[in-house]
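The primary structure of each chain is shown beneath.
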Amino acid sequence: MRLDIQAAVVALSVTSFMLPIVYLILRKWRVLDNPSARSSHQSPTLRGAGAAQILGVFSSWGSLGWIPSWVILGPIAFGTLGLVDDFRPQRPLFRLTLQLLLGVAMVSVFVSQPWYATHAIVILGTGTLFVVLLVNATNFMDGINGISALHGLLVGVIYWILLSGTSPSWAPIAAALAGISLAFLPWNWGRKAILFLGDSGSYLLGALFAVLVFATLKSGINPIIAVAPVSIYLVDVGRTLALRIHARSPLLIAHREHIYQVLTNCGISHPGVSSIVGAFTIVAGGIAIAGSQELVQIPHMVVLLTVVYSLYMALPTITRRSWRKH
């Protein structure tokens, strides 16, 4: 069996097997996400399903003989940090400090120059900030049913395609990401979810996204192509932060200003909004794949992606106008 197929099958099987067990443990310990004025759900829901996904990734990695790299311990450690937060929320500064340390450890695996070289320091610093940004962006975007499970599945498949031709040793990690996301999707899809990922799942997914971006860069692919598959989440979070900074709103206070939240507020169902975000991810990922195959040149890619991002950011305005008419 091909290693990437094996990784996907093991990740899917172990996560699917563990989810009912994790569900019973979370119910026993009453690890609940209670709704608030800023929540998108209306009833207390168990959170912490990422624990099953952590075991799925670990088992998948082990089945490959602990290849391609020890960097996979980074996402597992991020997921474990999130799991601790699911049971007992940590102080923001302490949590951020641990995230930065884990980010440094992850990025250092991809730096081939001596750590004291200026170029290596720049890569290590920017890479670490990118890891922390992507992990927290994934956490911010995990606010409605199905959105992160579907996003993880799509992003996993896109990087699986990108890496299969350029860096086959990393393709199994993308396949494992697709496997754990597919396993969780039925538990979180629909108007009422059975389980939430919790910080354990969103941290794990965000860190896996970062690993795949770095692996794609390491294989020699253009940075625009490497980041494009995860860019919809980054655009949503970036737009929201920009609006809050412009309005001088506190950045650390929970809110409902993300694009996906605005669409939900306008009456679109959770599956509907998750599918919309997923569709934009498919388009951005498709452009990336076309660019990697040299079917689209980089300047044309930039134009196409700019159009996609502009349309995505215009969704709240378009939806509000349509909602008011009806």
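Only a predicted model underlies this, so the values are computations on that prediction, with no experimental measurement involved.

Asker: Give me a nonpolar patch on the surface: which residues, what numbers.
Answerer: Together, Phe17, Ile21, Ile25, Trp29 and Phe87 give the surface a local cluster of nonpolar side chains, amounting to about 550 Å² of exposed area. Element by element, the count of residues in the nonpolar patch is highest for helix α1 (residues 3–29), at four residues. Tracing the chain through its elements places Ile25 in helix α1. Judged by its relative accessible area of 41%, Ile25 is partly exposed.

Asker: Explain the packing of helix α4 (residues 92–108) against helix α5 (residues 118–141) residue by residue, including any values.
Answerer: Remark: α4 packs on α5, axes separated minimally by 8 Å, with the N-to-C direction vectors making an angle of 125°. As judged from the angle between their axes, α4 and α5 are oblique. Here α4 and α5 pass one another in a crossing that is right-handed. Note on element contacts: α5 touches α4 through Ile123, Leu124, Gly127, Thr128, Leu129, Val131, Val132, Val135 and Asn136, opposite Leu96, Gln99, Leu100, Gly103, Val104, Met106, Val107 and Ser108. Residues that form the contact of α4 with α5 fall into these classes: eleven nonpolar, six polar and no charged.

Asker: Kindly report on the environment of Ile298, identifying the contributing residues and their values.
Answerer: As for its position among the elements, Ile298 is in helix α13 (residues 298–325). Considering only alpha carbons, one finds Ile298 and Thr118, 180 residues apart in sequence, at a separation of 28 Å. For Ile298, the residues in contact, after removing those within four places along its chain, are Asn222, Ile224 and Ile225.

What counts as what
Residues numbered from 1 in each chain as written. Predicted model: local features only at pLDDT ≥ 70, side-chain atom pairs only at ≥ 80, totals over all residues. Heavy atoms only, no water. Patch = residues over 30% accessible without salt bridge, like charges linked within 9 Å, V, L, I, M, F, W, Y side chains within 5 Å. Areas by Shrake-Rupley, 256 points an atom, 1.4 Å probe, with all protein chains shown as cover. Salt bridge = Lys/Arg side-chain N within 4 Å of Asp/Glu carboxyl O. Helix = DSSP H or I, 4+ residues; strand = E, 2+ residues; numbered from the N terminus. Buried < 20%, exposed > 50% of the residue type's maximum accessible area, 1.4 Å probe, protein only. Axes fitted to C-alpha atoms, helices over the stretch in contact; angles between N-to-C directions. Parallel < 35°, antiparallel > 145°, perpendicular 65-115°, else oblique. Left-handed = near helix turned anticlockwise from the far one by under 90°. Contact = heavy atoms within 4.5 Å. Nonpolar A, V, L, I, M, F, W, Y, C, P; charged D, E, K, R; others polar.

Scope: geometric values only; no functional claims are made or implied.
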